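Commentary on secondary and tertiary structure
Here are the chains, one letter per residue:
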Amino acid sequence: LKTLSLSNQLLKNWTQSSNFDLELNRLRRDGKHELELKRASQLCLCVFRKKESLEKIIKKLSPNRPRGRVMHLLLPSMAAMLYMDKITPQGFADSTVEAAKKILSKHEANFLNSFFHKLIAQKDELLLAAQNDLNLGEELEKSWKKHFSTEQVQSFAECLSQEAELNCRLINYDSHDYRSE
């Protein structure tokens, strides 16, 4: 639940500030545990990598796209339930709904509960369909399909979906370090 809470906070603040590393660093300075931040950042990175697939699943399972704070809980929860090992989907769904009851309206918490039941019931089917998603974003995919063969686009998408062997993050960044006096 702490991981989900931090992921929710990271995603919400990242969409407003648009610098993920600076947001992580701010949370470090606020005294958050490094292990919790690592799990939350892994969950957020999974959301970033699989966002296109997650959006398609939302569109399939919900006629009206949820907004705002519901999406900030829904995306990391879906990513955890669908793509992360060591996560029990039903248990994660129950924890998320319980948290939602405390921070969202009753209607929004009920929406999440209903959505997660559909998600869990159709998990294997949804994952199978998601394997064919390129996760490039609609504009990029259209553009590449104009200029490259289907096999090339698929190859590019596979390269982009792989985790980097080396991941460099800002640690202990202080905005005062880069100001000119």
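This write-up is about the structure you can find in this document. Small disclaimer: the values here were computed from a predicted structure and weren't measured.

**A look at the nonpolar core**
Soluble globular proteins tend to pack their nonpolar side chains together in the buried interior. Counting 37 residues, the largest nonpolar core has Leu74, Met78, Leu112, Phe116 and Leu119 as its most contacted members. Contributions of two or more residues to this core are made by helix 1 (2–17), helix 2 (20–29), helix 3 (34–61), helix 4 (68–83), helix 5 (89–103) and helix 6 (106–121). When sequence neighbours within four positions are dropped, the list of residues in contact with Leu112 reads Val70, Leu73, Leu74, Val97, Ala100 and Leu104.

**A few points about the packing of helix 4 against helix 6**
Between helix 4 and helix 6, the shortest axis-to-axis distance is 11 Å and the interhelical angle comes to 25 degrees. Regarding the angle of helix 4 to helix 6, the classification is roughly parallel. In the packing of helix 4 onto helix 6, the handedness of the crossing is right-handed. Note on element contacts: helix 6 touches helix 4 through Glu108, Phe111, Leu112, Phe115, Phe116 and Leu119, opposite Arg69, Val70, Leu73, Leu74, Ser77, Met78, Met81 and Leu82. For the contact of helix 4 with helix 6, the residue count by class is 11 nonpolar, one polar and two charged.

**Some thoughts on the side chain of Thr96**
Turning to its location among the elements, Thr96 is positioned in helix 5. A residue is classified by how much of its surface remains accessible, and Thr96, at 0% relative accessible area, is buried. Side-chain polar atoms of Thr96 contact the side chain of Ser77, separated by 3.4 Å. Not counting residues up to four positions away in its chain, the partners in contact with Thr96 are Leu4, Leu73, Ser77 and Phe116.

**Some remarks on the side chain of Glu36**
Examined against the element boundaries, Glu36 turns out to sit in helix 3. Overall, the relative accessible area of 19% leaves Glu36 in the buried class. Non-local contacts of Glu36, meaning those with residues more than four positions away in its chain, are made with Lys2 and Leu6.

Rules used in this analysis
- Residues numbered from 1 in each chain as written.
- Predicted model: local features only at pLDDT ≥ 70, side-chain atom pairs only at ≥ 80, totals over all residues.
- Heavy atoms only, no water.
- Core = buried A, V, L, I, M, F, W, Y, C linked by side-chain atoms within 4.5 Å.
- Buried < 20%, exposed > 50% of the residue type's maximum accessible area, 1.4 Å probe, protein only.
- Helix = DSSP H or I, 4+ residues; strand = E, 2+ residues; numbered from the N terminus.
- Contact = heavy atoms within 4.5 Å.
- Axes fitted to C-alpha atoms, helices over the stretch in contact; angles between N-to-C directions.
- Parallel < 35°, antiparallel > 145°, perpendicular 65-115°, else oblique.
- Left-handed = near helix turned anticlockwise from the far one by under 90°.
- Nonpolar A, V, L, I, M, F, W, Y, C, P; charged D, E, K, R; others polar.
- Polar contact = N/O pair within 3.5 Å; in protein donor to acceptor, adjacent residues only side chain to side chain.

Bear in mind that shape data such as this cannot, by itself, settle questions of function.
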